[in-house]
Amino acid sequence: MSKPKVLVARAIFPETIDRLAQHFEVESNQADAVWSKAQLIDKLQGKAGVFTTGSERIDAEVLDACPDLKICANMAVGYNNFDTEAMTAHGVLGTNAPDVLTETTADFGFALLMATARRIAESEHFLRAGQWTKWAYDMFSGSDIHGSTLGIIGMGRIGQGIAKRGAHGFGMKVIYHNRSRLDAALEAECKASYVGKEELLKTADHVVLVVPYTPASHHTIGAAELALMKPTATLVNIARGGIVDDAALAAALKDKRIAAAGLDVFEGEPKVHPDLLTVPNVVLTPHIASATVPTRKAMADLAVDNLVGYLVNGKPLTPVNPAVLAKH
Ligand code: 8YV
C-alpha cells in the first residue's frame, strides 16, 4: 500500500523530516521558500496532511482547492492561521502544539518584562554606540520588578507560568483578567487575584498579554486602554500581533504616556510598524518566545505525532476542531 502524502510547509529539523518519512511520502520546504497562497495550494495537491507553522493561512479558498487534505498540524499553540469553521465544514482536522512550550514561553515573557522594565536593550545600544562617557545617578533608571503589581491578561497555561514566576520568584502581587475565572486551587497556586480589565490596566505596574488572537481579542489594547495605564507602567505582548494596536502603542511610547513596552509579536509581522522602530523605550524581538532547541523540537515532534496519530492511527493528540472526529 502506498504511503499517504504530506507537505511540510517550512524548513524544519532534518530529524522531523526523517520521522515523517517513516510513515509518509514527504514533500518538504527545506529551502524555506516563502510560498504565496497559490503556491501553497499547488504544493498541497494530492496531500493528505500538511505540517504548518503559524505563518500559513488555511482558509476556505485553500480548502476548496485541496480536496485531498485531511489534517493541518500546526507547530504552534496558537492557531489563528486556521479558519477552524471552514476546516470543520470541509471535514479537515486542525491540531496545535500546546503544553510543550509553556515553560519556555513563560521564561521568555518574564525575560522580556525584565528587559523592558530595566531598560536593558536601550542601555546596551547606548553603550555599543560609544555614548557611555560617565556614570550618572539617573542613567537608565527603570522600574522595579520585585514587589510590584503584575497584571496578566489571558490566564491560560503560559499566563499561569508567568504568574508563578512573578509571585513566587519576585514577590510580585499578581492580578489577572481572563474570559473565565480560574478555580480557587489554581488561583492559590499562582497567587493571583481576578480583576476586571479596567482595574487591571489602572493598577498594574507591568501588564503582560498572553491571550489567543480571535476577532474578539483584536486590539485588546488600543489608545483607550493605554490611557488607563500608569505613566510608569510597562506593557509586554508575547501573544499575537493584532492584540495590541501597534500604531496607538507607538504614539503612547513616543509621548511617554506609558514608560516602555516589550514586543515579541506585531501586527502584520514580519513587518513592524515604522514608528515602533524609532522610539527608544521599546524592546523588539522577532517572535522568538518559544525558541529554545528542545522546545522547538518538542513542538515539531507533537505536530508529527498528530499527523501520524490521525492519518495512520486515526487518533490525533491535540485536535482544535474535534467536531471533525465526531463526523467519522
Ligand atoms: C511559534 C507561537 O513559534 O506557538 C505559538 O503559538 O507563537 C510560536 O511558539 C510560531 O507560531 C511559529 O509556529
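*Asks:* I'm lost on the overall build of the protein chain in this one. Help?
*Replies:* Scanning the protein chain from terminus to terminus reveals 14 helices and 12 strands. Across the 328 residues in the protein chain, those meeting the buried criterion constitute 49%. Pairs at least 24 residues apart make up 61% of the contacts formed inside the protein chain by residues separated by at least 6 positions. Total accessible area on the protein chain stands at roughly 15,500 Å², and carbon and sulfur atoms take up 55% of it.

*Asks:* Quick question: what am I supposed to make of the pairing of strand S4 (residues 71–74) here?
*Replies:* Residues in a regular strand point their side chains to alternate faces of the sheet. Of the two faces of S4, the one lined by Ile71 and Ala73 and the one lined by Cys72 and Asn74 are each fully buried. Pairing geometry for strand S3 (residues 49–52) and S4, over four bridges, is parallel. Counted as the bridge partner of Thr52 is Asn74 from S4. Crossover handedness for the path S3 to helix H3 (residues 60–65) to S4: right-handed. The pairing of S4 with strand S5 (residues 93–95) spans three bridges and is classified as parallel. Its bridge partner being in S5, Ala73 is matched across the sheet by Thr95. Since S4 and S5 lie parallel, the crossover through helix H4 (residues 84–89) that links them has a hand, and here it is right-handed.

*Asks:* Could you clarify how one ought to interpret the side chain of Glu187 in this entry?
*Replies:* By the secondary structure assignment, Glu187 is in helix H8 (residues 184–190). Residues in contact with Glu187, not counting those within four places in the same chain, are Tyr176, Arg181, Leu182, Ala192 and Tyr194.

*Asks:* Where do I start with the sheet that holds strand S1 (residues 5–8) in this structure?
*Replies:* Strand pairs in the sheet, formed through backbone hydrogen bonds, run parallel or antiparallel to each other. Within the open sheet, the five strands sit side by side as S2-S1-S3-S4-S5. Their pairing is parallel. Across the chains shown, the open sheet's two edge strands, defined by having one partner strand only, are strand S2 (25–27) and S5. Strand-to-strand twist of the sheet, defined as the mean angle between neighbouring strand axes without regard to direction, takes the value 20°. Relative to S2, S1 is paired through three bridges, and the arrangement is parallel. When the bridges of S2 are listed, Val6 appears paired with Val26.

*Asks:* Quick question: what am I supposed to make of the sheet that holds strand S8 (residues 192–194) here?
*Replies:* If you trace the seven strands from one edge of the open sheet to the other, you get S8-S7-S6-S9-S10-S11-S12, paired in parallel fashion. The outermost strands of the open sheet, each flanked by one partner alone, are S8 and strand S12 (282–284). Averaged over neighbouring strand pairs, the angle between their axes works out to 20° when direction is ignored. Its contacts with the sheet put helix H7 (residues 157–170) on strand S6 (149–153), strand S7 (173–177) and strand S9 (206–209), and the angle it makes with S6 is roughly 175°.

*Asks:* Looking at this model, I keep getting lost on the domain arrangement of the protein chain. Mind explaining?
*Replies:* Think of interface size as the accessible area that goes away when the parts come together; that is how it is often given. When the domains of the protein chain are assigned, the result is domain 1 (5–100 + 293–326) and domain 2 (102–284). Tallying the contact residues gives seven residues for domain 1 and five residues for domain 2. Across the interface of domain 1 and domain 2, roughly 560 Å² is buried in total on both sides, 40% from carbon and sulfur atoms. Summed over the three residues of domain 1 that lose the most area to domain 2, namely Asn80, Asp99 and Thr295, the buried surface amounts to 68% of that side. The salt bridge partner of Arg157 is Asp99, with a shortest N-O separation of 3.1 Å.

*Asks:* Whenever I open this one, the site of the ligand confuses me. Can you help?
*Replies:* What surrounds the ligand is the set Thr53, Gly54, Met75, Ala76, Val77, Gly78, Leu101, Arg240, His287, Ser290, Arg296 and Met299. Gly78 is positioned with one of its backbone polar atoms (N or O) 2.8 Å from an oxygen atom of the ligand. Between the ligand and the protein, one listed contact pairs an oxygen atom with a side-chain N or O atom of Ser290 at 2.7 Å. Of the residues that constitute the shell around the ligand, the class distribution is five nonpolar, five polar and two charged.

*Asks:* What should I look at first to understand empty space enclosed by the protein in this one?
*Replies:* Once rolled over the atoms, a probe with the size of a water molecule shows which space is left empty. Evaluated as defined, the whole model comprises one cavity of 30 Å³ or more. Considered as a void within the structure, the largest cavity measures approximately 40 Å³ in volume. Residue lining of the largest cavity: Ala115, Thr116, Arg119, Ile120, Ala121, Glu122, Ala260, Ala261, Pro280, Asn281, Val282 and Val283, and that is the complete set. Every element with two or more residues in the lining of the largest cavity is listed here: helix H5 (102–117), helix H6 (120–128), strand S11 (260–263) and S12. Taken together, the residues that form the lining of the largest cavity break down as eight nonpolar, two polar and two charged.

*Asks:* Looking at this structure, I do not really get the confidence of the model for the protein chain. What am I missing?
*Replies:* On average, residues of the protein chain carry a pLDDT of 97, and 100% of them reach 70 or more. Mean pLDDT across the elements of the protein chain bottoms out in helix H14 (residues 323–326) (95) and peaks in S6 (99).

*Asks:* Looking at this structure, I do not really get unusual backbone geometry. What am I missing?
*Replies:* Of note, the bond from Glu269 into Pro270 is cis; its omega dihedral lies within 30 degrees of zero at 10°. Its location among the elements puts Pro270 in the loop between S11 and helix H12 (274–278). Its identity as a non-glycine residue notwithstanding, Arg119 has a phi of 55°, on the positive side. Within the element layout of this structure, Arg119 appears in the loop between H5 and H6. Positive phi is not limited to glycine here, since Phe140 has a value of about 50°. Take Phe140: it is sitting in the loop between H6 and S6.

Thresholds, definitions, all that
Residues numbered from 1 in each chain as written. Predicted model: local features only at pLDDT ≥ 70, side-chain atom pairs only at ≥ 80, totals over all residues. Heavy atoms only, no water. Helix = DSSP H or I, 4+ residues; strand = E, 2+ residues; numbered from the N terminus. Buried < 20%, exposed > 50% of the residue type's maximum accessible area, 1.4 Å probe, protein only. Contact = heavy atoms within 4.5 Å. Areas by Shrake-Rupley, 256 points an atom, 1.4 Å probe, with all protein chains shown as cover. Pairing = 2+ DSSP bridges. Right-handed = clockwise from strand over helix to strand, strands pointing away. Axes fitted to C-alpha atoms, helices over the stretch in contact; angles between N-to-C directions. Domains from an automatic or database assignment. Buried area = accessible area lost by both parts, 1.4 Å probe. Salt bridge = Lys/Arg side-chain N within 4 Å of Asp/Glu carboxyl O. Near = heavy atom within 4 Å. Polar contact = N/O pair within 3.5 Å; in protein donor to acceptor, adjacent residues only side chain to side chain. Nonpolar A, V, L, I, M, F, W, Y, C, P; charged D, E, K, R; others polar. 1 Å grid on protein atoms, 1.4 Å probe; cavity = no way out; pocket = protein on both sides within 12 Å on 5 of 7 lines; lining within 4 Å. Points joined across faces, edges and corners; volume = space filled by probe spheres on them. pLDDT = per-residue confidence, 0-100.

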